[in-house]
Structures are given as structure tokens and as C-alpha cells.
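# Commentary on secondary and tertiary structure
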Amino acid sequence: MRRLVLVMVALAALLLAACGQQGAGASGQDAGGQPLPAASEAAAADEERTATSGDGAAPEPDDFYAAPVEQRIIKTGEVTLEVQSVPETLGLIRAMVAQLNGYVGGSQAGTLGEGASLTVRIPAASFDDALARLHELDADVKAEATREENVTTQVVDLRARIDNLQASEASYRELVARAEKIEDILAVQSRLDEVRGQIEQLTAQLEALEGQAAMSTLTITLVPRLEPVTQQTEEWNPGQELGNAVAALVGIGQGLLNALIWFGVVWLPILLLLGIVALIVLRGVIEARRRMEAPRHMPPVEGPSAS
């Protein structure tokens, strides 16, 4: 009887152990032996924690070295071209500017025989290409000047100041939201408006610098090419030369008349006064010398003769 009880207890223990193993397998696997999604996510989370901790930590981005700052350079230039046909060259230049994704900011053109000038804005990357294309035109380059101004430091400084002011603006907005007294709200709002004004001013300066650096300015002046005979004929103007000669003669006459006026009004009275003073002095000197020489010519006085 005792042996039967022991056998039954052993069978129950084996049955419970089998059920426990089956439950443990069901909690992590399905009927096909594949991991369940929850178990997979837990394993992935464990692997991620293992990969990001200890000696196996994944390398983090290196923020110590700042990214290189893009250079901001303002390019400007002036070019003077002597061309055969001003209207035709104007058309070629406008087409060239359009091909370079630029635009004509302003232009001034006269008649067919007169010159023209135009100011174009082109991308900074195409500035040298535009100059090269101008040299390829049927024109003589009479003058050329280019300038480059590096404004990178100014751009970086403006951005930093704007960031600081925006952080201050956010702080002031929080203070306004938490303020309870009217005077506190007004004080913080006043400071907030001042900071906002500074942000707008600096933003306008930054946008101006960015725009000048992004789009270069090139001023092009066109002058018509003249033939030698035509040039000499146009340069000689008899009427103008006659007018210049008459003007020179009138100028000489005016100069002489001005000299006579100054002599009669200023110098003549001064000279007369000086002459009178000189005559008085001269007369006094002559009179003094005459009185000094008179005793020398007087005969000596003889005393009484002895008897």
C-alpha cells in the first residue's frame, strides 16, 4: 500500500514538471517553435541595451569639431567695352545674363550713336564666367576693375547675435506668461519688444549680406566704336572753338579791367599817400642839411686892430 502511494506521488510530480516545461515553451514560442513578437522585441531591446552600454557601446557622432563655415564673399566689378553696335551688344549681354540665371538690375541707353550702361546681378559662382564671356564679345575692353570683400566673419557674428537674442526672447515670453502684476507684465513686454526690434534689424542686415554674397554685381558700360575720320570730324567743332576763343578774349579783357579797377581804387590812393610822405621826409632832410652847411660858408669875424 505504501509503495502504491509513492508511485502515484512520483507520477504526479512528473506530470507537473511536463506541464511547466510546456507552459514555458508556449510563453516564448508558438506552435511551430518560432519566437513570438513580444519575445523578439524584448530580445531586440536587450541587444540594443547591450550594444549601447559597456565596452560594446556604439560610437556617437563627434560634435567636438565644428562644421566648416561656408565663405561669404561679395564680388563687384566694372567693365567698359568699345563696341561696333551698342544695341546689338546690349541684346547679347542680356541673353548671356539670362543664361547665367541672373537679371538686369538697371540700364540706361541713348540713341544709336551714343553709349549705354547696365547693371546686372549674377550668381557669385558665375561671376568669373560672365567676365570671360564679355571678353569673348566683338569688343575692345577699355577698362576693367573687380573687387572681392569677405564678409564671412560678419555673417557668423550676426547669426550668433540673432540666436542669443532669440533665446532671450523665448525667456521673456515665459516671464510674460508667468507674470501676475501689471507693472511686471509691462516691464517684461517692453524689454521683449526691444529684443524683437533688435532681432528684426540684425536679420535685415544678415539678409542683405547674404543677398550681396549670393548675387554679384557687375556694371557694364558700352561706348560706340568710331572710325578715325569720323572721330576726328566729330571731335572738331568750329563753333565750339570760336566760342572758346571769344570766351578767352573776354576773360583777358575782364582780367585787365579788374586790374585797372583795383589799381585805381586801392593802389593809386596808397601810392599817392606814400609819395606825399616821401616828399615831406625828403624836404625835411634837405632843409636839415642846408642848416648844417650854412655856418661853414659864413666869413670869420675879425677882431679890432691894434693902434
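An account of the accompanying structure is given in this report. Given the structure is predicted, the values throughout are model-derived calculations rather than measurements.

## Section: the overall build of the protein chain
In terms of helices and strands, the protein chain carries eight helices and five strands. For the protein chain, the N- to C-terminal ordering of α and β elements is α-α-β-α-β-β-α-β-α-α-β-α-α. Counting all 307 residues of the protein chain, 16% fall into the buried class. Excluding contacts between residues fewer than 6 apart, the proportion of contacts in the protein chain whose partners are at least 24 apart in sequence is 76%.

## Section: the sheet that holds strand 1 (residues 73-83)
Read across the sheet, five strands follow the order 2-3-5-1-4 without closing on themselves; strand pairing throughout is mixed. Across the chains shown, the open sheet's two edge strands, defined by having one partner strand only, are strand 2 (103-109) and strand 4 (139-150). For this sheet, the mean angle separating the axes of adjacent strands, direction not counted, is 10°. Sheet analysis places strand 1 next to strand 5 (residues 215-224), joined by eight bridges and oriented parallel. Bridge assignment links Gly77 to a residue of strand 5, and that residue is Leu218.

## Some details on a nonpolar patch on the surface
On the surface, a cluster of nonpolar side chains totalling about 1300 Å² of accessible area is made up of Leu257, Leu260, Ile261, Trp262, Phe263, Val265, Trp267, Leu268, Ile270, Leu271, Leu272 and Leu274. With respect to the secondary-structure elements, Trp262 resides in helix 8 (residues 238-293).

## What about the pairing of strand 5?
Note that strand 3 (residues 116-123) and strand 5 share eight bridges and pair antiparallel. Paired with Ser117 across the bridge in strand 5 is Thr221.

## Points about the side chain of Lys75
For Lys75, the position within the fold is in strand 1. It turns out Lys75 is buried and unbridged, and the closest side chain with the opposite charge, Glu148, is 4.2 Å from it.

## Quick word on the side chain of Glu82
If you trace the backbone, Glu82 turns up in strand 1. Beyond its immediate chain neighbours, meaning those up to four positions away, Glu82 contacts Ala139, Asp140, Lys142, Val223, Pro224 and Arg225.

## Let's talk about the nonpolar core
The biggest cluster of nonpolar side chains holds 21 residues, and the ones touching the most others in it are Leu81, Ile93, Met96, Leu134, Leu218, Ile220 and Leu222. Among the elements of the structure, strand 1, helix 3 (86-99), strand 3, helix 4 (127-135) and strand 5 are those that each provide at least two residues to this core. The residues touching Leu134, leaving out its near neighbours within four places in the chain, are Val79, Leu81, Ile93, Met96, Leu218 and Ile220. Grouped together as the second largest cluster of nonpolar side chains are 12 residues, Val155, Ile162, Val195 and Ile199 included.

## Section: the pattern of salt bridges
Pairing between side chains of opposite charge can happen when their charged atoms approach one another. Taken as a whole and assessed by the stated rule, the structure comprises 13 salt bridges. As a salt-bridge pair, Glu82 and Lys142 come within 3.5 Å of each other at their nearest N and O atoms. You can see Glu82 sitting in strand 1 and its partner Lys142 sitting in strand 4, a full 60 residues away along the chain. Overlapping salt bridges bring together Glu70, Arg72, Arg159 and Glu210 as one network.

Rules used in this analysis
- Residues numbered from 1 in each chain as written.
- Predicted model: local features only at pLDDT ≥ 70, side-chain atom pairs only at ≥ 80, totals over all residues.
- Heavy atoms only, no water.
- Helix = DSSP H or I, 4+ residues; strand = E, 2+ residues; numbered from the N terminus.
- Buried < 20%, exposed > 50% of the residue type's maximum accessible area, 1.4 Å probe, protein only.
- Contact = heavy atoms within 4.5 Å.
- Pairing = 2+ DSSP bridges.
- Axes fitted to C-alpha atoms, helices over the stretch in contact; angles between N-to-C directions.
- Patch = residues over 30% accessible without salt bridge, like charges linked within 9 Å, V, L, I, M, F, W, Y side chains within 5 Å.
- Areas by Shrake-Rupley, 256 points an atom, 1.4 Å probe, with all protein chains shown as cover.
- Salt bridge = Lys/Arg side-chain N within 4 Å of Asp/Glu carboxyl O.
- Lys, Arg positive; Asp, Glu negative; His and termini not counted.
- Core = buried A, V, L, I, M, F, W, Y, C linked by side-chain atoms within 4.5 Å.

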